[in-house]
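The primary structure of each chain is shown beneath.
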Amino acid sequence: MGAAGSKAHRLERALGAGFPENEHVFGLENFGNTCYCNSVLQALFYCQPLRDKCLEYRMSGLAQDGNDDGLLTSLCELFFSISSQKKRCGVLAPRQFISKLRAENELFNNHMHQESDAHEFLNYLLNEVAEQLEKNEKAKSKDAAGNHVATGGPSSEWSARVASDSMSDDEEERQAAYQCKTWIHSIFEGVLTNDTRCLSCETVTSREESFLDLSLEIEQDSSLNACMRNFSSIESLRGDNKFFCDNCCSLQEAKKRMRIKRLPNVLALHLKRFKYIEQLGRFKKLSYKVAFPLELELDNIASDMPEPDRRYRLFAVIVHMGSGPNHGHYFALVRSHQHWLCFDDDSVDIIEESQIESCFGNAQETQASTETGYLLFYQSEASILSSHTDSDSQISAENSTATAATANNSPSPSPSEKIKGRIGPKVSVGVKRLAKVSTPKRLA
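Everything quoted here is computed from the prediction, not taken from an experiment.

Trainee: What am I meant to see in the overall build of the chain here?
Mentor: For the chain, the helix and strand inventory stands at eleven helices and 22 strands. Sorting the 444 residues of the chain into buried and exposed places 48% on the buried side. Contacts spanning at least 24 positions in sequence make up 71% of the contacts within the chain whose residues lie at least 6 apart. In the form shown here, the chain has an accessible surface area of approximately 21,600 Å², with 48% of it arising from carbon and sulfur atoms.

Okay, here's the thing in structure tokens:
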């Protein structure tokens, strides 16, 4: 048994008998500055609603019928490859996904030159997958409409009118209020309302916009809740920044406030740790201490929002270490079945829950390389219960269609040198302690 196989065996033993037999824990090989991609993929794999939908799409045959669905197919194939492994722990090479990503967007075709941004990748991936799903749905609707016409069936317009007539007023109002375009939207999409009140006529103008993740400004020695409150603080529009009021037909002083009108099932938050400094002519990393809780309740919500007391649980953190956006390293901390796991490319270790605090940042200014939470993923408690039920059915279906071991079954070492000094001494078998480092490390 090689070193990688021995480590996988130790990890499997450390997970214990209580860890589900059908759950898989696999590191991902680094193909030259792809830690930003690997860390986000691990966080998304442990987003149970997304994993279930990807496996459902893969098993539906849509990803195998010669359709060129780009990253959608590649993502579903990767999740299926992990989920169908005979071994519970090991290493996979996401070669197909990385090749497709680099071919579709030059921004991520970095190879050994510089590190890409994990938030940019997350945003790009979710939007690309959602766009492909919308295209598929439109093509499906077009084919269905053509079949109806060819067979003398009712037109889609007539069917829609009949469906509308059969709805109650309340049902029609709810459907008009919000409709998910795809399962990406049903998982990640929330809605913001931007209310602007004219100080002259008191008219309030409201504008809604959707989001798949929220970017938050950060301050030194603060908390995630404080960042959320700052996101929804009242802004005065005056001087050169006056608001054009349609009621007054002129520019007027006003007050503006952004609040959340509809909460997503999975809340993805981006802490804006990279700030452009004009004097330096480059971005600087803000290693500010920002404490984020394991359980989250939001208070910057609209008064008419459904489920205003929705609670969230933290299930993944993308951590950045280094001094700047293009210099450093990413790894993921992920919660799976009562365990917190550290995914550092092809290396996977169990960590203690209390160690997450080491990724809050520094309460004092420092030039040292610091491990800081960059992307946070929270899942609503209601969707956690729902996804557990769905995943049980999904697992049964996977087992019935799982094929023999694939070429990815044999773990192979990462081509990049691991960051030294980040992980401290072992706490117990398979359990490691995150430790701060004093100097920036090379790209990985």
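Trainee: Whenever I open this one, the sheet that holds strand 4 (residues 204-211) confuses me. Can you help?
Mentor: Across a sheet, paired strands are connected by hydrogen bonds in the backbone, their directions being either parallel or antiparallel. A sheet is described by the order of its strands in space; here four strands give the open sequence 4-3-10-7, paired in antiparallel fashion. The open sheet terminates on both sides in strands that have one partner only, identified here as strand 4 and strand 7 (235-237). Within this sheet the neighbouring strands show an average axis-to-axis angle of 30°, counted without direction. Sheet analysis places strand 3 (residues 190-198) next to strand 10 (residues 254-262), joined by eight bridges and oriented antiparallel. Bridged to Thr193 within strand 10 is Arg259.

Trainee: What's the story with the confidence of the model for the chain in this structure? I'm lost.
Mentor: Segments scoring low in pLDDT should not have their predicted coordinates read at a detailed level. Considering every residue of the chain, the mean pLDDT works out to 80; 73% of them sit at 70 or more. A low-confidence stretch, residues 155-164 (pLDDT under 50), is modelled with two contacts involving residues beyond four sequence positions or located in other chains. With pLDDT under 50 throughout, residues 170-176 is counted as low confidence; its partners more than four residues away or in other chains account for three contacts.

Trainee: What am I meant to see in the pattern of salt bridges here?
Mentor: Two side chains that carry opposite charge are able to pair once their charged atoms sit near each other. Enumeration over the complete set of coordinates arrives at 18 salt bridges. Because the salt bridges share partners, they merge into one network encompassing Glu295, Glu297, Arg311, Arg313 and Glu381.

Trainee: I'm lost on unusual backbone geometry in this one. Help?
Mentor: Generally, phi is negative for residues other than glycine and the peptide bonds are trans, each holding for most cases. Its identity is not glycine, yet Asn33 carries a phi of approximately 60°, on the positive side. For Asn33, the position within the fold is in the loop between strand 1 (25-28) and helix 2 (35-45). When its relative accessible area of 3% is taken as the criterion, Asn33 is described as buried. Positive phi, close to 50°, is recorded for His337, a residue that is not glycine. One can find His337 in the loop between strand 17 (327-336) and strand 18 (339-344). Overall, the relative accessible area of 37% leaves His337 in the partly exposed class.

Trainee: Sorry, what's going on with the packing of aromatic side chains here?
Mentor: Within a pair of aromatic rings, the relevant descriptors are the distance that separates the centres and the angle that separates the planes. Overall, the coordinates contain 13 aromatic pairs when judged by the stated rule. Judged by centre distance (6.2 Å) and plane angle (90°), the rings of Phe97 and Phe121 are edge-to-face. In this pair, Phe97 is assigned in helix 5 (residues 95-104) and Phe121 in helix 6 (residues 118-150), connecting sequence segments 24 residues apart. The class of Phe97 is buried, set by a relative accessible area of 1%. Above the ring of Phe45, the side-chain terminus of Arg51 is found at 3.9 Å from the ring centroid. Positioned above the aromatic ring of Phe80, the side-chain terminus of Arg58 is 3.9 Å from the ring centre.

Trainee: Whenever I open this one, helix 4 (residues 71-83) confuses me. Can you help?
Mentor: Every α-helix winds through 3.6 residues per turn, so residues three or four apart in the chain are directed the same way. The terminal C-alpha atoms of helix 4, which comprises 13 residues, lie 18 Å apart, in line with the 18 Å expected from a rise of 1.5 Å per residue. With respect to burial, helix 4 is a largely interior element, 13 of its 13 residues being buried.

Trainee: I tried to follow the pairing of strand 3 on my own but got confused; where do I start?
Mentor: Successive residues of a regular strand alternate their side chains across the two faces of the sheet. Taking burial as the measure, the nine residues of strand 3 include eight buried ones, the bulk of the element. Two strands pair when backbone bridges link them, and strand 3 and strand 4 are joined in this way by eight bridges, in the antiparallel orientation. For Thr193, the partnering residue across the bridge sits in strand 4 and is Glu208. Joining the antiparallel neighbours strand 3 and strand 4 is a turn of five residues, in which Glu202 adopts a positive phi near 70°.

Trainee: Would you explain the nonpolar core in this entry?
Mentor: If you look at soluble globular proteins, the nonpolar side chains tend to sit buried side by side. Grouped together as the largest cluster of nonpolar side chains are 65 residues, with contacts concentrated most on Val25, Leu50, Phe97, Phe121, Phe188 and Phe377. It is helix 6 that provides the largest number of residues to this core, a total of nine residues. Sequence-distant contacts of Phe97, that is, excluding residues within four places in its chain, are made with Cys37, Leu41, Leu71, Ser74, Leu75, Phe121 and Leu125. The next biggest cluster of nonpolar side chains, apart from the first, holds 37 residues, and it includes Cys227, Met228, Leu263 and Trp340.

Trainee: Please explain the packing of helix 3 (residues 48-59) against helix 4 as it appears in this structure.
Mentor: The relative placement of two packed helices comes down to the angle between their axes together with the axis-to-axis distance. Direction vectors running N to C along helix 3 and helix 4 enclose 100°, while the axes themselves pass 9 Å from each other. If you check the angle between helix 3 and helix 4, you find them roughly perpendicular. Along the contact surface, helix 3 presents Leu50, Arg51, Cys54, Leu55, Tyr57 and Arg58, while helix 4 presents Leu72, Leu75, Cys76, Glu77, Phe79, Phe80 and Ser83. Looking at the contact of helix 3 with helix 4 residue by residue, the class counts come to nine nonpolar, one polar and three charged.

Conventions adopted
Residues numbered from 1 in each chain as written. Predicted model: local features only at pLDDT ≥ 70, side-chain atom pairs only at ≥ 80, totals over all residues. Heavy atoms only, no water. Helix = DSSP H or I, 4+ residues; strand = E, 2+ residues; numbered from the N terminus. Buried < 20%, exposed > 50% of the residue type's maximum accessible area, 1.4 Å probe, protein only. Contact = heavy atoms within 4.5 Å. Areas by Shrake-Rupley, 256 points an atom, 1.4 Å probe, with all protein chains shown as cover. Pairing = 2+ DSSP bridges. Axes fitted to C-alpha atoms, helices over the stretch in contact; angles between N-to-C directions. pLDDT = per-residue confidence, 0-100. Salt bridge = Lys/Arg side-chain N within 4 Å of Asp/Glu carboxyl O. Phe/Tyr/Trp six-rings, centres within 6.5 Å; stacked < 30°, edge-to-face > 60°. Lys NZ or Arg CZ within 6 Å of the ring centre and 35° of its normal. Expected span 1.5 Å × (residues − 1). Core = buried A, V, L, I, M, F, W, Y, C linked by side-chain atoms within 4.5 Å. Parallel < 35°, antiparallel > 145°, perpendicular 65-115°, else oblique. Nonpolar A, V, L, I, M, F, W, Y, C, P; charged D, E, K, R; others polar.

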